[in-house]
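Next come the chains, spelled out residue by residue.
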Amino acid sequence: MSYLALTEADRDAMLEAIGVESLEELFADLPEGVRFHRPLKLAPALTEQELSAYFEQLASQNEHNGSHVSFLGAGLYDHYVPAVVDAVLQRGEFLTAYTPYQPELSQGVLQSIFEYQTAICELTGMDVSNASGYDGTTVAADACYIAKHATGRSKVVITEATNPQVRQVVKTYAPGFGLKVVEVPHRDGATDPDEFRAAAENAACAIFQQPNFFGVLEPAPDLAAAAADAEALPVAHVDPISLGVLEAPGHYGCALAIGEGQSAGNPISYGGPHYGFLAARSEFIRRMPGRIVGETTDAAGNRGYVLTLQTREQHIRREKATSNITTNQTLLALAGLVYLSWLGPQGLREVGETCTALAEYAKERLVAAGLELPFADRTTFKEFAVRVGRNARDVVRDALARGIHPGYALGRDYPGMDDVLLVAVTERRTKDEIDRLAEVLAG
Amino acid sequence: MKLIFEKSRSGRRAGRAPDTGGLPVPEIPAELRRSEPPRLPEIAEPDLLRHFTELSTRNFGIDTGFYPLGSCTMKHNPRVNERLAALPGFRDLHPLEDEERAQGALRLCVELQETLAEVTGLDAVSLQPAAGSQGELTGLMLMHAYFADRGEDEQRRKIVVPDTAHGTNPASVTMAGYELIDVQTDARGNIDVDDLRTKVDETTAGLMLTNPSTLGLFDENIEEISRIFHDAGALMYYDGANLNAVCGISRPGDMGFEIVHINLHKTFSQPHGGGGPGGGPVAVSQRLEPFLPVPAIVRDGEAYRLDYDRPKSIGKVRGFLGPFGVFVRSYAFIRAYGPALREMSEVAVLNANYLLALLRDDYDLPFDRLCMHEFVLSARRLKREHGVTALDIAKRLMDYGFHPPTIYFPLIVAEALMIEPTETEAKETLDGFADAMRAIAREAAEQPERLKQAPQSTVVGRLDEVKAAKRAVVRYHFEDHPDLSAEPAAAAGVEAPKGA
Amino acid sequence: MAAERNPGDLRYHPEHDWARIDGDEATFGITWFAQDALGELVHFEPPEEGAATTAGQPYAEVESVKAVSDVVAPLSGEIVEINRAIVDAPETVNADPYGNGWIVRVRLSDPSEAESLMDAEAYERYLAEQG
């Protein structure tokens, strides 16, 4: 299968117009020493039909969420993605467009980003949002970069109860930014504001996750106040699905709000692509990395949208840029906008309520089945930890044999928790499935 | 056109979640509870779909027409790839499933890695970076780790970048904590080797170069450049933005590069999506392999597994294994060609040279050489003689039904127009574009106001970018939303040229 | 270049900044060439009153749609006044770079530094060489 239109006749006419005898002459400038003379050692070309067969075979070798009941979360969640999202994303004018550098031809993408920015500001209670970041981990690194340049300080604080991959990415970026990273341990599944305050001394920013990786609700306003007291920027890493029922970070003192957008409108897709979101108070607008769309008018007074404040971006400031991000995650952010618009504020609240109601029911059923909740006194959102009495990875394997994935084995990320599972309950789960989970875990 | 928020009406909605089935909703503690609902749109599904459909009609994609943005490789996005990425076995697969339960996905990743190693002429690949610029940053982190391992990181603080480099290169250098050293381009469009020799020594960590360059020219001195850096003990990093010119023809590993990032959304047709997603995998030579991000995806006999035991790894640059959905599409694109990827590059170069031959008389050609997959023209003569700029030409092209090329980049060419047709364009499309460009050159001489007033056929005319930057209205403000049409325009004659 | 583009009573720094010296104080700004190259300014990031300036080093930033640019101090000293009018209306710098578009007023720490700055003629020659 090839996507070339070129015919023999075309080739001959074109070579003549160029003034060369053969295609090889077009490569005359390449030094002999760097030429590649053998064919590429790649599998032979496939027709579209063969391609489909091969990829279907690869796909069939994966145990996906449709093949068993899944309570697996730990950062990416099985929420329902409505059909309108696919319908919009498959419009070729969105799918195959480039970054909107020529605004007159790109009002569709530009306006949709402006609407996305508005939606993220509404969810998070902030004044400005960018057009998206790569995912929920890299936006944490972006937040650290903003904080470093805004405060001049070179330490960042992050809670141990924040997603392990978020912490790992921050630690990977930190040396290049000249930043030291300090982690604040969790106490019984949540973070102590006094410890957070002590760690935040001389920090550029202090990051916490709400709900945290254990699904526990942190004392978020107290954490934000603790950071602010140390003059560190309070940063909340939040779940968009929770923001119909949980307070917006901008309304309890945060400077920045970040998060993983996948739950709002993207399929899990074995880890990506998704979108990260980053929103801030207005004073940080000139430090925001990535694209930002602004409103303006044309000479006739028509309203229109353009990429703005681009002087911050890589292609003008070059070595003084606020970030090197160019290609971001526009199409996935568009999916997020469509999803949030489809739900509306009522629908978002309902999803949050259904998740918490079902998760609460799951906790009750598991306790009734004789299992222990390590953080029993904590309020949780859609995910919670449960002690399963033996190595959690073995429990997962055994449960899968009975058609259920019971959750994430926490032992890899948290010492001393080899027998603890993180169970995620989304609005796609049913009471029957939860009853079955309890049955399977009870042994 | 209205914003979706302006179409919102209290009480309307499209979707709903399943209800709790009679289960009580646990109370959120008062201090954590949402005080005011977010003002998301309240709209029914038919109007929701109409809104986004209308928005799409106000946008130009490759599906719409010719899109010759230099260095962006706007080639056709095969539709079968969308179907394949949506297969439930890929789409609904959780990355935290045990490896035995994701063998199809892991096998796809490994096969893609091996393909990219073969195309680049290098030894090991990480698929983790989410975009080209993240790949660049990863590459620079790899350099730090490599030199730190040898006790040379403190000493080697400098990265050499040509003055034609894409803006991400210097920005990545800063983010990685390195110092930027610029090197000049000579009259042939190659790196000025004499200038280079004075700038490379034992304090140099490496070079960041794309070859062919952003001028669309293959650096004829690449072997000498490679010797200069390797003699100084430095590394060479290849920015893969222009890889479409050389697949199967010349391999970066053979040119002397040790680290390469590939743009899956350029060379390997992951759809651009209006600005993403993309994929920026890095390929490295064997001596850099230990430092690659964790986990590595490896073959283990007949099976595939994740290797987390990588003590020298730089860490993690992105969640999980990277943007897997992008891997599916890119790998499918590659499997459709097989070894004929060479032909893909040959035709990309043929199409570009053909278009160059058609346009070289009406526009200035700063470097008189055969080009590779893209070329740079200058509109400086038209500016001098008729007062029209590259920006005016770009806007007028829209009225002819084409997306403009990249303008004002690379920075070393005045009134630059960087044109990359790609291999998936038919000859008649190239002829039509050349006709339009020649017509516009004539209009510049005879009726320049047609360029100055362009575009006339789009939903909005030229937008006031000064007003946008000054007012910085970056969200809808509901009742307090300003009416920018009531505010004065920017000073006349102020332009805001943009690159890409 | 016309005389009003580079007033004769000023001294010039190669980074396209000017100084109007008045005893042991001086006023700084950017030249006509600088504002023309940048295009209409949309933002001015002011320094703090009392901050020090060092000859040849940046002390503030201006931003147009095209670019952000450092504003370089021609002379060393302490900032005694900042032109607040250009914070709200940065385009004043374009309209009147030598008058209402002044940027800061500085108490000089080493007035002899002025000798190494260019006069208007030398600056014009310098601009011509730049091409």
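Residues numbered from 1 in each chain as written. Chains lettered and ligands numbered in written order. Predicted model: local features only at pLDDT ≥ 70, side-chain atom pairs only at ≥ 80, totals over all residues.

J.: What's the story with the overall build of chain A in this structure? I'm lost.
T.: When its secondary structure is counted, chain A shows 13 helices and 14 strands. The dimensions of chain A, computed from C-alpha atoms along their principal axes, are 80 × 50 × 50 Å. Of all 443 residues assigned to chain A, the portion counted as buried reaches 63%. In chain A, the share of contacts with a sequence separation of at least 24, taken over all contacts with a separation of at least 6, comes to 73%. (Helix = DSSP H or I, 4+ residues; strand = E, 2+ residues; numbered from the N terminus. Buried ≥ 20, exposed ≤ 12 C-beta atoms within 10 Å, placed from the backbone. Contact = placed C-beta atoms within 7 Å.)

J.: Help me out: how do you make sense of the overall build of chain B in this one?
T.: Helix and strand counts for chain B come out as 16 helices and 12 strands. Expected size for 500 residues packed as a compact globule is a radius of gyration near 23 Å; at 25 Å, chain B falls within 12% of this value. Overall, the C-alpha framework of chain B stretches about 70 × 70 × 45 Å when taken along its three principal axes. In chain B, buried positions account for 60% of the 500 residues. Summarising the internal contacts of chain B: among those between residues at least 6 apart in sequence, 72% fall at separations of at least 24. (Rg over C-alpha atoms; globule rule 2.2 N^0.38 Å.)

J.: Got a minute to help me understand the packing of helix α11 (residues 330-368) of chain A against helix α13 (residues 431-442) of chain A in this structure?
T.: Angle between the axes and distance between the axes are the two parameters that describe a pair of packed helices. All names here are of chain A. At a minimum axis separation of 9 Å, α11 and α13 run at an interaxial angle of 30 degrees. On the basis of the axis angle, α11 is roughly parallel to α13. Crossing hand, α11 versus α13: right-handed. Two secondary-structure elements touch here, α11 through Leu 358, Tyr 361, Ala 362, Arg 365 and Leu 366 and α13 through Lys 431, Ile 434, Asp 435, Leu 437, Ala 438 and Leu 441. When its residues are assigned to classes, the contact of α11 with α13 shows 8 nonpolar, no polar and 3 charged. (Axes fitted to C-alpha atoms, helices over the stretch in contact; angles between N-to-C directions. Parallel < 35°, antiparallel > 145°, perpendicular 65-115°, else oblique. Left-handed = near helix turned anticlockwise from the far one by under 90°. Nonpolar A, V, L, I, M, F, W, Y, C, P; charged D, E, K, R; others polar.)

J.: When you look at the interface of chain B and chain A in this model, what are you seeing that I'm missing?
T.: When the parts of a complex come together, some accessible area is lost, and that lost area is often used as the size of the interface. Contact with chain B, which involves 176 residues of that partner, is made by 169 residues of chain A. For the side of chain B that touches chain A, the element with the highest residue contribution is helix α11 (residues 341-359) of chain B, accounting for 10 residues. Looking at the side of chain B that touches chain A, its residues break down into 94 nonpolar, 45 polar and 37 charged.

J.: Please explain the sheet that holds strand β11 (residues 406-407) of chain B as it appears in this structure.
T.: Adjacent strands of a sheet pair through backbone hydrogen bonds, lying either parallel or antiparallel. All names here are of chain B. In space, the 3 strands of this open sheet follow the order β10-β12-β11, with antiparallel pairing throughout. Both edges of this open sheet fall to β10 (375-378) and β11, since each of them pairs with a single strand only. Where β10 and strand β12 (residues 416-419) come together, 4 bridges link them in antiparallel fashion. Within the sheet, the bridge partner assigned to Ser 378 lies in β12 and is Ala 416. (Pairing = 2+ DSSP bridges.)

J.: What is the right way to look at the confidence of the model for chain B in this model?
T.: Close inspection of predicted coordinates is inappropriate for parts of the model with low pLDDT. Residues and elements named next belong to chain B. Here chain B shows a mean pLDDT of 94. Residues at 70 or above account for 98%. Ignoring residues within four places in sequence, the model shows residues 492-500, a span with pLDDT below 50, making 26 contacts including any to other chains. Predicted complex, confidence summary: ipTM 0.96, pTM 0.94. (pLDDT = per-residue confidence, 0-100.)

J.: Looking at this structure, I do not really get the domain arrangement of chain A. What am I missing?
T.: Residues and elements named next belong to chain A. Partitioning chain A into domains gives domain 1 (69-81 + 344-442) and domain 2 (84-337). Averaged C-alpha coordinates put domain 1 and domain 2 at centres separated by 27 Å. Taken together, the contacts link 25 residues of domain 1 with 22 residues of domain 2. Sorting the residues of the side of domain 1 that touches domain 2 by element identifies α11 and β11 (383-387) as the ones contributing at least two each. Tallying contributions element by element places α11 first for the side of domain 1 that touches domain 2, with 7 residues. Of the residues contributing to the side of domain 1 that touches domain 2, the split by class is 13 nonpolar, 5 polar and 7 charged. (Domains from an automatic or database assignment.)

J.: Would you take a moment to explain helix α9 (residues 220-229) of chain A for this structure?
T.: An α-helical turn contains 3.6 residues, so any two residues separated by three or four positions project in the same direction. All names here are of chain A. Taken together, the buried positions of α9 are occupied by Ala 220, Leu 223, Ala 224, Ala 226 and Ala 227. Buried residues of α9, viewed axially, fall in a sector of 160 degrees; they line one side. Structurally, α9 contributes buried residues whose contacts are with α8 (193-199), β5 (205-210) and β6 (233-238). Positive backbone phi, approximately 60 degrees, marks Glu 231, located one or two places after α9. (Arc of directions from axis to C-beta.)

J.: Can you walk me through the environment of Asp149(B) in this structure?
T.: Residues and elements named next belong to chain B. Its place among the elements puts Asp 149 in helix α5 (residues 132-149). You can call Asp 149 partly exposed: it has 14 C-beta atoms within 10 Å. Sequence separation of Asp 149 and Lys 312 is 163 residues, and the distance between their C-alpha atoms is 8.5 Å.

J.: I tried to follow the sheet that holds strand β1 (residues 11-13) of chain C on my own but got confused; where do I start?
T.: All names here are of chain C. Strand order across the open sheet formed by 6 strands is β1-β2-β3-β9-β8-β5, with antiparallel pairing between neighbours. Strand pairing shows two members of the sheet lacking a second neighbour, β1 and β5 (52-53), which therefore form its edges. As paired strands, strand β2 (residues 17-22) and strand β3 (residues 25-30) are joined by 6 bridges and run antiparallel to one another. In the sheet register, Ile 21 faces β3, and the bridge partner there is Ala 26.

J.: Looking at this structure, how should I read unusual backbone geometry?
T.: Residue and element names in this part refer to chain B. Note the cis peptide between Phe 409 and Pro 410, where omega equals -5 degrees. Tracing the sequence through the fold places Pro 410 in the loop between β11 and β12. The omega torsion across Ala 454 and Pro 455 is 0 degrees, close enough to zero to call that bond cis. Looking at where Pro 455 falls in the secondary structure, it is placed in the loop between α15 (448-452) and α16 (465-471).

J.: Help me out: how do you make sense of the nonpolar core in this one?
T.: Most often, soluble globular proteins keep nonpolar side chains buried together rather than apart. Residue and element names in this part refer to chain A. Of all hydrophobic cores here, the largest spans 341 residues; its most connected members are Ala 143, Cys 144, Cys 205 and Val 235. Broken down by element, the residue count for this core peaks at 20 residues, all from α11. Ignoring anything within four residues of it in the chain, the contact list for Cys 144 reads Val 156, Val 170, Phe 177, Leu 179, Ala 204 and Cys 205. (Core = buried A, V, L, I, M, F, W, Y, C linked by C-beta atoms within 7 Å.)

J.: Any chance you could explain the pairing of strand β6 (residues 259-262) of chain B here in plain terms?
T.: Consecutive residues of a regular strand have side chains that alternate between opposite faces of the sheet. Residue and element names in this part refer to chain B. Of the two faces of β6, both are covered, the one formed by Ile 259 and His 261 as well as the one formed by Val 260 and Ile 262. One ladder, built from 4 bridges, connects strand β5 (residues 235-240) with β6; its direction is parallel. Across the sheet, Tyr 238 pairs through a bridge with Val 260, a residue of β6. By the bridge criterion, 3 bridges tie β6 to strand β7 (residues 282-284) in an arrangement that is antiparallel. Looking across to β7, one finds that Ile 259 is bridged to Val 284.

J.: I tried to follow the environment of Asp195(B) on my own but got confused; where do I start?
T.: Residues and elements named next belong to chain B. As for its placement among the helices and strands, Asp 195 is situated in helix α7 (residues 193-197). Its 15 C-beta neighbours within 10 Å are what place Asp 195 among the partly exposed residues. The residues touching Asp 195, leaving out its near neighbours within four places in the chain, are Val 183 and Gln 184.

J.: Help me understand helix α7 (residues 164-177) of chain A, please; the structure alone is not making it clear to me.
T.: Between its first and last C-alpha, α7(A) extends 20 Å over 14 residues, near the 20 Å set by a 1.5 Å rise per residue. Of all the 14 residues making up α7(A), 10 are buried; the element is thus mostly covered by neighbouring parts of the structure. Among the residues of α7(A), Gln165(A), Val166(A), Arg167(A), Val169(A), Val170(A), Thr172(A), Tyr173(A), Ala174(A), Gly176(A) and Phe177(A) are the ones counted as buried. On the buried face of α7(A), the contacting elements are α6 (138-151), β3 (155-159), β4 (180-184) and β6 of chain A together with α5 and α6 (168-175) of chain B. Gly178(A) lies just past α7(A) and shows a positive phi near 70 degrees. (Expected span 1.5 Å × (residues − 1).)

J.: Would you mind going over the environment of Leu223(A) with me for this structure?
T.: All names here are of chain A. As for its placement among the helices and strands, Leu 223 is situated in helix α9. Residue Leu 223 is classed as buried on the basis of its C-beta count, with 29 C-beta atoms lying within 10 Å. For the pair Leu 223 and Tyr 252, spaced 29 residues apart in sequence, the C-alpha separation works out to 9.6 Å. The residues touching Leu 223, leaving out its near neighbours within four places in the chain, are Thr 191, Pro 193, Phe 196, Phe 208, Glu 218 and Pro 234.

J.: Please clarify how the packing of helix α5 (residues 107-124) of chain A against α11(A) should be interpreted in this entry.
T.: Residues and elements named next belong to chain A. As a packed pair, α5 and α11 sit with axes 9 Å apart at the nearest point and diverge in direction by 60 degrees. Judged on the interaxial angle alone, α11 and α5 are oblique. Of the two elements, α5 crosses α11, and the hand of that crossing is left-handed. Where α5 abuts α11, its residues Val 109, Ser 112, Ile 113, Glu 115, Tyr 116 and Ala 119 lie against Thr 330, Ala 333, Leu 334, Gly 336, Leu 337 and Leu 340. Grouping the amino acids of the contact of α5 with α11 by side-chain chemistry returns 8 nonpolar, 3 polar and 1 charged.

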